[in-house]
Amino acid sequence: MNIHKRHKILFISSWFPNKLEPTNGNFVQRHAEAVSLLHDVEVLHAIGNFNQKEKFVFDDEKINGIRTLIVYYKNSKNPLQNFLRRMKAYQLGFKKMQKPDLVHGNVLHNNMLFAVSLKRKYGIPFVISEHWSGFLSKQNRKTIALAKIIAKNAELVIPVSKELKKGLQLNGIVKEANVIGNVIDTDLFCISQEAKDQFIFLHISNLIPLKNSEKIIKVASKLYEKYPNFELQIGGDGDVEKLKNWVKKYEAEVFTKTFGLLSHKEVAKKMQQSSCFVLFSDMETQGIVLLESLSIGVPVIATNVGGIPEIVDKKRGILVENNNEDVLLEAMKSMLEKNVELDSSEDLRKYVVENFSKSVIAEKFSEIYNKVLNV
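First, a word on what this report is: a plain description of the structure on this page.

1. Considering the overall build of the protein
- Scanning the protein from N- to C-terminus turns up 13 helices and 13 strands.
- Whereas a compact globule of 375 residues would reach a radius of gyration of roughly 21 Å, the protein reaches 21 Å, a difference of no more than 12%.
- Over its C-alpha atoms, taken along the principal directions, the protein stretches across nearly 65 × 55 × 40 Å.
- Within the protein, buried positions represent 55% of all 375 residues.
- Expressed as a percentage of contacts within the protein between residues at least 6 apart in sequence, the contacts between residues at least 24 apart total 70%.
- Within the structure as shown, the protein displays about 17,500 Å² of accessible surface, and the carbon and sulfur contribution to it stands at 49%.
- The average position of the 53 basic charges and that of the 43 acidic charges among the side chains of the protein differ by 10 Å.

2. Observations concerning the packing of aromatic side chains
- Across all of its chains, the model carries 12 aromatic pairs by this definition.
- Taking 5.9 Å as the distance between ring centres and 70 degrees as the angle between the ring planes, the aromatic pair formed by Y351 and F356 counts as edge-to-face.
- The ring centre of F58 lies 4.6 Å from the NZ or CZ of K96, which sits over that ring.
- Positioned above the aromatic ring of Y351 is the side chain of R316, whose terminal nitrogen or guanidinium carbon lies 3.5 Å from the ring centre.

3. Section: helix α3 (residues 113-122)
- Of the positions making up α3, those classed as buried are F114, A115, V116 and L118.
- On the buried face of α3, the contacting elements are β1 (8-13), β2 (40-49), α2 (79-95), β5 (102-106), β6 (126-130) and α4 (141-153).
- Of the residues one or two after α3, G123 is the one with positive phi, at around 70 degrees.

4. Observations regarding the sheet that holds strand β11 (residues 276-279)
- Ordered by their spatial adjacency, six strands build an open sheet running β10-β9-β8-β11-β12-β13, and the pairing between neighbours is parallel. If you trace the sheet from one side to the other, it starts and ends with β10 (256-259) and β13 (317-320), each paired once. Across the sheet, the mean angle from the axis of one strand to that of its neighbour is 20 degrees, orientation sign disregarded.
- Across four bridges, strand β12 (residues 300-303) lies against β13 in parallel orientation. When the bridges of β13 are listed, I301 appears paired with I318.
- The sheet contacts of helix α8 (residues 264-273) involve β8 (199-205), β9 (230-236), β10 and β11, and relative to β8 the element is tilted by about 150 degrees.
- Where helix α9 (residues 288-295) meets the sheet, it contacts β8, β11 and β12, and its direction lies at approximately 175 degrees from that of β11.

5. Let's talk about the nonpolar core
- Ranked by internal contacts, the top residues of the largest apolar core, which has 53 residues, are F11, M271, F277, L290 and Y369.
- If near-sequence neighbours (up to four positions away) are discounted, L290 is found in contact with F277, L279, V300, A302, I308, I311 and V312.
- Counting residues in hydrophobic clusters, the runner-up holds 38 residues, among them A46, V116, F135 and I150.

6. Remarks on the sheet that holds strand β4 (residues 66-74)
- Taken together, the seven strands give an open sheet; going across it, the order is β3-β4-β2-β1-β5-β6-β7, and neighbouring strands pair in mixed fashion. The open sheet terminates on both sides in strands that have one partner only, identified here as β3 (56-63) and β7 (156-159). Pairwise comparison of adjacent strand axes, ignoring direction, gives a mean angle of 20 degrees for this sheet.
- Here four bridges tie β5 to β6, and the two strands are oriented parallel to one another. Paired with H104 across the two strands is V127, which belongs to β6.
- Strands β1, β2, β5 and β6 of the sheet are contacted by α3, whose axis makes an angle of about 165 degrees with β6.

7. Topic: the environment of I180
- Among the secondary structure elements, I180 is positioned in the loop between α5 (162-170) and β8.
- Its relative accessible area of 3% is what places I180 among the buried residues.
- Placed 179 residues apart in sequence, I180 and S359 show a C-alpha to C-alpha distance of 13 Å.
- For I180, the residues in contact, after removing those within four places along its chain, are I158, P159, V160, I361, K364, F365 and I368.

What counts, and at which threshold
- Going along each chain's sequence as written, the residues are numbered from 1 onward.
- Given that this is a predicted model, residues contribute local features only at a pLDDT of at least 70 and side-chain atom pairs are listed and counted only at 80 or more, while totals for whole chains, interfaces and linings are drawn from all residues.
- Side-chain figures throughout are based on the complete set of non-hydrogen atoms in the structure, without hydrogens or water.
- Where helices and strands are cited, they refer to DSSP runs of H or I of at least four residues and of E of at least two residues respectively, numbered from the N terminus.
- Computation of the radius of gyration draws on C-alpha atoms alone. For the globule rule, the value is 2.2 Å times the number of residues to the power 0.38.
- Residue burial is assigned from relative accessible area. The probe radius is 1.4 Å, only protein chains are included, and a residue is buried under 20% of its type maximum, exposed over 50%, and partly exposed in between.
- By the convention used here, residues are in contact when the closest approach between their heavy atoms is within 4.5 Å.
- For every accessible area listed, the method is Shrake-Rupley and the probe measures 1.4 Å; residues are considered covered only by the protein chains on display.
- Only four residue types enter the charge count: Lys and Arg as positive, Asp and Glu as negative, with His and the chain ends excluded.
- One atom stands in for each charge, and that atom is NZ of Lys, CZ of Arg, CG of Asp or CD of Glu.
- What counts as a ring pair is set by centres within 6.5 Å for rings of Phe, Tyr and Trp (its six-membered ring), and what kind of pair is set by the plane angle: stacked under 30 degrees, edge-to-face over 60, tilted for all other angles.
- Throughout this description, the term charge over a ring refers to an Arg CZ or Lys NZ atom that lies within 6 Å of the ring centre and within 35 degrees of the ring normal.
- One requirement defines pairing of two strands: DSSP has to find at least two bridges between them.
- To define axes, lines are fitted to C-alpha atoms, for helices over the stretch in contact only, and angles between the resulting N-to-C directions are given on a 0 to 180 degree scale.
- Take the buried Ala, Val, Leu, Ile, Met, Phe, Trp, Tyr and Cys residues and link them wherever side-chain atoms come within 4.5 Å; each set so joined is a nonpolar core.

Read these as geometric descriptors, not functional statements.
Written as structure tokens, this is what we have:
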């Protein structure tokens, strides 16, 4: 049996859920929750708010058992002033936290210069999890130079997919890196025993252009002409009015339901009622929604981009060429007609539980913390 030494870990991130952006960086929050199974975790985040009069506002609360301090600073239109205020916000916040043994940073943006300053001032080591899909392709010199400074000071950079590791190497930011994926709440995302009356294709995202929500609606309307025995449910944290306009444009009202921002529990419920999850993105670092769907035992259709092929094979769903609507149409037809040999719901779930559940991810991070702290 592993006897764990509980370390004091401070999570800081360039993105983290807050009152201005409730879902931004929620995957970082889930990493922190997983780590808190084995360690004493606190979270510190700083973000600018244009609408506040005070220079700094401290929002200190326990979220899912983790002390989370978000410092809102008064935003301005001057990027340098904002950066300095953000660093000041972090400094003020840090004084209120317990002194950590190690800092777990997230995303190689300028916020992480705070982790560099803590290391220089107090000798606190830090590791960085990387999630940003921007590093999958060649970045500009300024972005790379900043990332290199942070990465050079970090004990280790930990991308969430092998493809992102390759991207970091391509950009010359790291030579070596340990891959640790995103975490899935497999207790929440579990198989439902309720009978499904109808075949439902589901898409949930932040609805930004690279998610290609319009193309999913367009392809579904073509499918419906010949196979009118399914429903498309599509929505998320984004411009739902635009979605509704596309539904009208493609005369898809009869078989399509749109929805807005959902809580984590509501996402799980929607997935449990669905038959197949569809993700037609131009780019994905890993595709958390795909893992959530598989955890529920529901197969997926997804584009063969970024880290997706690392988690989706022929037994878990259908990979399609990005931007190829004809191939997506064929894939949706195959799913609907059950012309595809897939793993059982139990096996789909087992894969996620064994690789991305909280306890598994917590153990993986623990190994790294122990190495860094020479335990």
